[in-house]
Amino acid sequence: MEAIREVLQKCELFAGLNDADLDILAGVAQRKNLPPGAWLFKQGEPRRACFIIAEGAVEVTRDTGEGLEQLIVLRSGGAAGEASLLHANMHTASAQTMTSASIIEIERELLRKALADNGQAAVQVLTRVATVLNRRLLYTGGGRSGQGQFYDSGAVRPESDLLGAVNVPEDALFGVQTLRALENFPITGIPLSHFPALVRTLAMVKQASARANSKLGLINANIARAIDQACQEIIDGHWHGHFPVDMVQGGAGTSTNMNANEVIANRALEILGKKRGEYTECHPNDHVNMGQSTNDVYPTSVRMATVFMLRGLIEALEKLRTVLQAKGREFSSVIKMGRTQLQDAVPMTLGQEFEAFAFTTGEDIDRLRETARLFLEINMGGTAIGTGICADSRYPQACVEELRRITGLDVQLAANLIEATSDTGAFVMFSGVVKRTAVKLSKLCNDLRLLSSGPRCGLREINLPPRQPGSSIMPGKVNPVIPEVVNQVAFRVIGNDLTLTMAAEAGQLQLNVMEPILAFSLFESVRMLTAAVNTLTTRCIAGITANVDHCREMVERSIGIVTAILPTVGYKKATEVAKIALETGRPVREILREKAWLTDAQLDEILSPESMTQPRPLVPQL
């Protein structure tokens, strides 16, 4: 029981409780040793217990409907399922051990019984749980509720910079420079925490730098370890709510870099047993930012974040390609009319149409992967303008080696750091490929809207799955809302590409100060496009059906099939038949039989819609 009590005492959830209250908790707690892959709870299950991690690591994920999204990694002292102690509704996420783990389990009903006769203890324990959960909502999550969230406690601590002293909220991990950025840049309302990949890569860069500087003997080992641990916590998903700076900012990303420096420094101070703001022990600039500048940290973080975010888009496109291929097989025998310039052309199968969609999606996947490799060239160690001022000559290579180990990416040091510091060509190329993908998806959606138009007065070759009533005034109307929303996302991506292009062009001399809008535009494009592709796949493509008889009837009625006799009777005779069919409305087959240019057997062979969908040996011209 004493061992369990010590674990609980170190957990944030119960820190500050007196010995008697901790004894009550320890009395109902059970210690369990679990193997890797064991579930603590699953999304959608009723909440029944809180789990404290004594040893090992636990991953918390959420099923978004398009796959699992990692929310956070909990290690020693972390708690999962805390809300179970307050109420019994359903879990909104899942928790699973990543390693062998020792877990302290506290069942809600057992705790309630233990607290039933001790009102004071009940108030203390449940108030502590509610307070921590409230803080989590403010700081650990997305943190989108504005600057006011950081004044929750009302307490402040004084900090100062070049411009003077400022009172910083006491419970904020960030400091004075982040606070100034909040005041100066109320631009989009979208904070850095909106893009977890960027927050994580900022921490990865800082972690690699601390390890490199420690190995080179340039920073105190204890401080380096504290910085390393603070960075790992951010990488695991903690403290993201303390990154409130607006994505769009002046200063070439300095506010972003300092936000990271301050959060990491203050968390490292806590790890060292110091108070937030005691920067003599661990300073945002002198220690966390050692050997660095915004001008190498920011672009490196943005590049790596783009690579990580791209994985989600690639996965979504792979799923889309798979579903399109499946539809191609499903519709392989559905004969329909192909069209050029919205006019009847020649027959094809609906399967061929969907196979072409699948193939073009595969091309986009290949191009995105190829272009993203450009982001693996980074300028760490170049500092301000690429000359490496204030960084040890050994630092660039040491930092890059650490980054490889931390990220798993094959990052390489740029051959010319001065050129790499100001160059944004990789972003222009990659954004162009993202735009290409969006344009082609939009064209696919245009086709879907045309092919499904109707239901009685349009092409009506396919049916899109109905998703919602389509009109507030026209009963029975159902609109192609999923393709429509993908179209709109494509328009946004196209606009973002133009913004990014202009931002890249606006670079001057040794730095491009427009990188924040460049990063924001690219991140927004990748995130929106990923969501749009997933929505298109699951809410539309997977449920498409074909109007088989209607498709074939339109082929039989079309004069476009006259093209098939061209190699046999020649262009002049074929034109004559087409003209008669167009003027009289008579079937092409009937006119040809009347002309007696071909036997019935030849007509059956040549005018077979199935035979028109594939290349075949030609019959010599008459």
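Residues numbered from 1 in each chain as written. Predicted model: local features only at pLDDT ≥ 70, side-chain atom pairs only at ≥ 80, totals over all residues. Heavy atoms only, no water.

Chemist: Even after reading the chapter, I still don't get the packing of helix α11 (residues 350-372) against helix α14 (residues 425-451), so can you show me in this structure?
Modeler: For any two helices packed against each other, one specifies the inter-axial angle together with the distance between the axes. Relative orientation of the contacting elements α11 and α14 amounts to 165°, with a least axis distance of 9 Å. Taken together, the axis directions place α11 and α14 in an arrangement best described as roughly antiparallel. Viewed along their axes, α11 and α14 form a crossing whose handedness is left-handed. The segment α11 lies against α14, with E353, F354, F357, T360, E363, D364, R367, L368, T371 and A372 engaging M429, F430, V433, V434, R436, T437, K440, L444, D447, L448 and L451. (Axes fitted to C-alpha atoms, helices over the stretch in contact; angles between N-to-C directions. Helix = DSSP H or I, 4+ residues; strand = E, 2+ residues; numbered from the N terminus. Parallel < 35°, antiparallel > 145°, perpendicular 65-115°, else oblique. Left-handed = near helix turned anticlockwise from the far one by under 90°. Contact = heavy atoms within 4.5 Å.)

Chemist: Is there a simple way to explain the sheet that holds strand β6 (residues 79-80) in this structure?
Modeler: To summarise the sheet geometry, strands pair through backbone hydrogen bonds and adopt either a parallel or an antiparallel arrangement. Here 4 strands make up an open sheet; going across it, the order is β1-β8-β3-β6 and the pairing antiparallel. The two strands at the open ends of the sheet, each matched to only one other strand, are β1 (29-34) and β6. Relative to β6, strand β3 (residues 49-55) runs antiparallel, the two sharing 2 bridges. Bridging across to β6, F51 finds its partner in A80. Each of β3 and β8 (101-107) touches helix α3 (residues 108-115); the most contacted strand, β8, lies at about 50° to it. (Pairing = 2+ DSSP bridges.)

Chemist: Please clarify how the confidence of the model for the protein should be interpreted in this entry.
Modeler: Low-pLDDT portions of the prediction should not be read for the details of their coordinates. Looking at the protein as a whole, its pLDDT mean stands at 89, while 95% of the residues score no less than 70. Considering only residues more than four positions removed or in separate chains, one finds that residues 141-153, a stretch of pLDDT under 50, has 30 contacts. (pLDDT = per-residue confidence, 0-100.)

Chemist: Would you explain the pairing of strand β4 (residues 58-63) in this entry?
Modeler: Looking along a regular strand, one sees side chains alternate from face to face of the sheet. Looking at chain direction, β4 and strand β5 (residues 68-74) are connected through 6 bridges and run antiparallel. For E59, the partnering residue across the bridge sits in β5 and is V73. With 4 bridges connecting them, β4 and strand β7 (residues 94-97) associate as antiparallel partners. Each bridged residue has a counterpart across the sheet, and for V58 the counterpart in β7 is T97.

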